[in-house]
Amino acid sequence: MANIVDYIIIGSGFGGSVAALRLAEKGYSVVVLEKGKRFKTEDFPKTNWNLRKYLWMPGLGFRGIQNLTYFKNAFILSGCGVGGGSLVYANTLMKPPKAFFINEQWREFNDWESILEPHYETAGFMLGRTKLVDKNPEDNILHEVAAGLGKKDSFDNVYVGVNFNKEKEGQDPYFNGFGPKRNACTLCAGCMVGCRDNAKNTLDKNYLYFAEKLGAEIIPNTKAYKIEYDGKTYNISVKSKGKKKYFRAKGVIVSGGVLGTLDLLLKQKYKYKTMSGISGTLGNKLRTNSESLCAATFSDIKLNNGVAISSIFKPDNNTYVEIVKYPTGSNVMRSLLTIAVNDSKNTKLRKFNYFFKVLVNPILFLRMFFNRKWADNTIIFLVMQTVDNSMKMVLKNRFFRKKLSIVNKGQKKVPAYIAAGQKVMRSYSKIANAIPQNAITEILFNTPSTAHILGGCPMGNSVEEGVVDRNLSVFNYPNMYIVDGSVIQGNLGVNPSFTITALAEYAMSKIPEKKGNVVMSVKDRINEK
């Protein structure tokens with residue numbers, strides 16, 4: 001408590017890592033608090049059957065990289081650890097379509113497409129963004145599906161943050177020798193289990209790596225649970241390995257990911273009442289990127305080649321579909337999928353059809369559940385939309401404790417069923433000689449699934465309209481910023497990591513350098529070397 005640092009950063013994902021580096025470059029003292037553990041390359045599990053290393057379930061002693069959170073109205077996949085979601089995401093760095101930049105949620109505040117363009121360029125450099133060139137059998141099938149739907153021209157390979165440079169094996173291929181030594185990708189499709197080849201450009205190999213070189217301190221296994229502001233400094237209460245500790249800072253960057261950030265801030269406002277001045281809009285406009293997850297399995301073609309996500313196409317004006325893969329032997333996610341049912345928006349009819357199918361095809365149901373080659377013969381479809389729909393995150397009393405809950409109702413409620421995705425799934429399955437699968441939570445409970453939970457901190461001109469202003473600064477709390485997926489103002493239709501990084505670069509560019517700063521920036525160091 002005696003030492004007051006310039007900035008405490010809560011979370012080390014795409015927002016927090018950018019903040020750590022840019023603030024350290026500007027001469028500020030920085031401490032990053034991360035609830036997850038720090039991973040070395042060899043620490044990642046060989047397959048996701050090593051649940052202790054793969055899943056984040058600290059109550060069971062599992063301190064891995066994949067967090068699975070089930071609410072009645074949403075099933076959410078997210079990441080955890082030093083590097084946040086970058087440890088478990090599929091490396092995909094896509095720029096969203098124009099519809100995202102001009103959506104009504106934030107278009108009045110800026111010409112976002114133009115303003116963010118240089119920050120996308122910076123983010124692309126730091127994350128080693130490159131476009132895939134080769135096509136694998138699974139990509140060719142998706143191309144054929146696109147052609148069959150009259151959307152051949154919309155098919156493309158994705159941009160990823162992966163090192164493919166074999167000529168610089170064991171060297172730094174990105175930062176002129178100033179960065180960490182790296183290896184080239186082995187195309188094992190293991191990106192979402194944790195890269196054991198030192199080829200994936202996770203945040204600990206760029207932003208966080210340089211932040212620590214410039215003096216930022218990263219403290220893992222430490223969860224912030226209370227923030228108090230006395231008018232001059234922020235007092236942060238944390239729990240670290242069962243012990244309570246305290247930090248003081250002149251400024252705070254909240255970047256705990258959507259679930260972490262909303263849980264923390266809602267409790268400050270309504271449970272501890274330490275930050276009652278936060279906008280009442282907190283928790284509004286929670287989004288799933290309008291996503292749906294479905295699959296094609298039991299193909300007689302090996303479908304898990306290359307990186308985890310390799311191609312994309314646009315079946316209609318609002319929808320994008322990517323194909324997703326897991327490495328050989330990593331079959332845990334098969335338990336989230338089951339026999340697909342006939343297309344219908346009627347949830348009761350879909351549920352009836354599902355139980356009828358299971359009754360008629362019990363052997364198929366069991367084969368799917370125990371498919372030992374699931375990762376090899378299965379493609380997951382990540383369906384994403386730019387459609388304007390949203391939910392609300394609230395804090396409710398549950399068994400004498402305040403816990404997060406999601407409200408999903410109204411004309412713009414988030415759907416579990418997306419017809420365009422189902423059509424792609426069935427077309428792909430036919431060509432690949434595979435059997436369609438739906439997410440079991442979508443069929444049984446009409447619960448939307450998402451790997452990209454977004455929003456919850458609306459942007460506004462005042463505290464009555466939003467939680468943050470156009471610079472992502474929190475109303476009523478000086479020198480406090482929210483920099484993660486919770487400030488994404490709309491469904492992107494593509495993977496959000498690249499945009500979160502660019503937004504973080506933008507927000508940090510608004511903070512002036514510390515007076516008397518003599519720290520040389522990473523860019524200058526690279527150029528000098």
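Residues numbered from 1 in each chain as written. Predicted model: local features only at pLDDT ≥ 70, side-chain atom pairs only at ≥ 80, totals over all residues. Heavy atoms only, no water.

A. View of the pattern of salt bridges. Throughout the structure, instances matching the rule amount to 14 salt bridges. Among the ionic pairs, Glu 113 bridges to Lys 98, the shortest N-O distance being 2.9 Å. Residue Glu 113 is located in helix 4 (residues 112–126), and its partner Lys 98 is located in helix 3 (residues 98–101); the two are separated by 15 residues in the primary sequence. Close ionic contact of Arg 287 with Asp 388 constitutes a salt bridge, the shortest N to O distance being 2.9 Å. In this pair, Arg 287 is assigned in strand 14 (residues 286–287) and Asp 388 in the loop between strand 19 (379–385) and strand 20 (392–398), connecting sequence segments 101 residues apart. For Arg 287, a relative accessible area of 2% corresponds to the buried category. Salt bridges here are not isolated pairs; linked through shared partners, they connect Glu 104, Arg 287, Asp 388 and Lys 412. (Salt bridge = Lys/Arg side-chain N within 4 Å of Asp/Glu carboxyl O. Helix = DSSP H or I, 4+ residues; strand = E, 2+ residues; numbered from the N terminus. Buried < 20%, exposed > 50% of the residue type's maximum accessible area, 1.4 Å probe, protein only.)

B. Quick peek at the sheet that holds strand 23 (residues 449–450). The sheet built from 3 strands is open, its strands ordered 5-6-23 with mixed pairing. Among the strands making up the open sheet, the edge pair consists of strand 5 (66–71) and strand 23. (Pairing = 2+ DSSP bridges.)

C. Geometry of the side chain of Ser 17. Among the secondary structure elements, Ser 17 is positioned in helix 1 (residues 14–25). Taking relative accessible area as the criterion, Ser 17 reaches 0% and is therefore assigned buried. Excluding residues that lie within four positions of it along the chain, Ser 17 makes contacts with Ser 12, Leu 203, Tyr 207 and Leu 208. (Contact = heavy atoms within 4.5 Å.)

D. Fine view of the pairing of strand 15 (residues 292–297). The element strand 15 is largely enclosed, with a buried count of 6 among its 6 residues. Side chains of strand 15 alternate between two faces, with Ser 292, Cys 294 and Ala 296 and Leu 293, Ala 295 and Thr 297 buried alike. Inspection of the sheet shows strand 15 paired to strand 19 by 5 bridges, in the antiparallel sense. Looking at the pairing, Ala 296 lines up with Ile 379 of strand 19. Relative to strand 22 (residues 435–439), strand 15 is paired through 4 bridges, and the arrangement is antiparallel. By the bridge assignment for strand 22, Ala 295 is matched with Gln 437.

E. Inspection of the side chain of Asn 377 at higher detail. Relative to the elements of secondary structure, Asn 377 occurs in the loop between helix 9 (362–369) and strand 19. By relative accessible area, which is 11% here, Asn 377 ends up buried. Looking at Asn 377, its side chain comes within polar contact range of the side chain of Thr 297, at 3.4 Å. Here the side chain of Asn 377 touches Thr 378 through a polar contact of 3.2 Å, side chain to side chain. If sequence neighbours within four positions are ignored, Asn 377 has contacts with Ala 296, Thr 297, Phe 298, Ser 299, Ile 301, Leu 303 and Asn 371. (Polar contact = N/O pair within 3.5 Å; in protein donor to acceptor, adjacent residues only side chain to side chain.)

F. Quick look at the state of the cysteines. Tallied over the full model, the rule gives 0 disulfides. Note on Cys 191: no disulfide assigned, nearest cysteine sulfur contributed by Cys 185 at a separation of 6.1 Å. Cys 191 gets classed as buried once you look at its relative accessible area, which sits at 10%. Left unpaired, Cys 457 is separated from the closest cysteine sulfur, that of Cys 80, by 19 Å. In this structure Cys 457 comes out as buried when scored by relative accessible area, which is 1%. (Disulfide = S-S within 2.5 Å.)

G. Molecular detail of the environment of Val 307. Inspection of the secondary structure assignment puts Val 307 in the loop between strand 15 and strand 16 (309–316). Beyond its immediate sequence surroundings of up to four residues, Val 307 is in contact with Asn 91, Leu 132, Val 162, Phe 164, Cys 185, Ala 189, Cys 191 and Lys 325.

H. Quick peek at the pairing of strand 20. With 7 bridges connecting them, strand 20 and strand 21 (residues 401–407) associate as antiparallel partners. Bridge assignment links Asn 397 to a residue of strand 21, and that residue is Lys 402. Here strand 20 folds back onto strand 21, and the loop between the two strands holds 2 residues, one of which, Phe 399, carries a positive phi near 55°.

I. Highlighting the nonpolar core. Counting residues in each nonpolar core, the largest one holds 137 residues, and the members touching the most others are Leu 23, Ile 236 and Met 480. Residue contributions to this core peak at 8 residues, all from helix 12 (residues 497–509). Apart from residues lying up to four places away in sequence, Met 480 is in contact with Ile 227, Tyr 234, Val 252, Val 254, Leu 265, Met 275, Leu 472, Ser 473 and Val 474. Residues Leu 142, Val 145, Ile 418 and Ala 434 belong to the second largest nonpolar core, which totals 21 residues. (Core = buried A, V, L, I, M, F, W, Y, C linked by side-chain atoms within 4.5 Å.)

J. View of the packing of helix 4 against helix 12. Two elements in contact, helix 4 and helix 12, have axes separated by 8 Å at closest approach and are oriented at 105°. If you check the angle between helix 4 and helix 12, you find them roughly perpendicular. Across from Trp 112, Ile 115, Leu 116, His 119, Tyr 120, Thr 122, Ala 123, Gly 124 and Met 126 in helix 4, the residues of helix 12 making contact are Phe 498, Thr 499, Thr 501, Ala 502, Leu 503, Glu 505, Tyr 506 and Ser 509. Here the residues of the contact of helix 4 with helix 12 sort into 10 nonpolar, 6 polar and 1 charged. (Axes fitted to C-alpha atoms, helices over the stretch in contact; angles between N-to-C directions. Parallel < 35°, antiparallel > 145°, perpendicular 65-115°, else oblique. Nonpolar A, V, L, I, M, F, W, Y, C, P; charged D, E, K, R; others polar.)

K. Structural view of a nonpolar patch on the surface. Side chains of Leu 349, Phe 352, Phe 356, Leu 359 and Val 360 sit close together on the surface and give an oily, nonpolar patch of about 550 Å² of accessible area. Note on placement: Leu 359 falls in helix 8 (residues 347–360). Given the relative accessible area of 69%, Leu 359 is considered exposed. (Patch = residues over 30% accessible without salt bridge, like charges linked within 9 Å, V, L, I, M, F, W, Y side chains within 5 Å. Areas by Shrake-Rupley, 256 points an atom, 1.4 Å probe, with all protein chains shown as cover.)

L. Inspection of helix 5 (residues 137–148) at higher detail. If you check helix 5, its first and last C-alpha atoms are 17 Å apart, about what 12 residues at 1.5 Å a residue would give, namely 16 Å. Burial in helix 5 covers these residues: Glu 138, Asp 139, Ile 141, Leu 142, Val 145 and Ala 146. Mapping the buried residues of helix 5 onto a view down its axis gives an arc of 160°, with all of them on the same face. In the stretch just after helix 5, Gly 150 is the one whose phi turns positive, near 75°. (Expected span 1.5 Å × (residues − 1). Arc of directions from axis to C-beta.)

M. Expanded view of helix 7 (residues 257–270). An ideal rise of 1.5 Å per residue puts 20 Å on 14 residues; helix 7 measures up with 20 Å between its terminal C-alpha atoms. Counted residue by residue, helix 7 has 11 buried out of 14 residues, so it is predominantly covered. Inspection of helix 7 places Val 258, Leu 259, Thr 261, Leu 262, Asp 263, Leu 264, Leu 265, Leu 266, Lys 267, Gln 268 and Lys 269 among the buried residues, and these make up the whole buried set.

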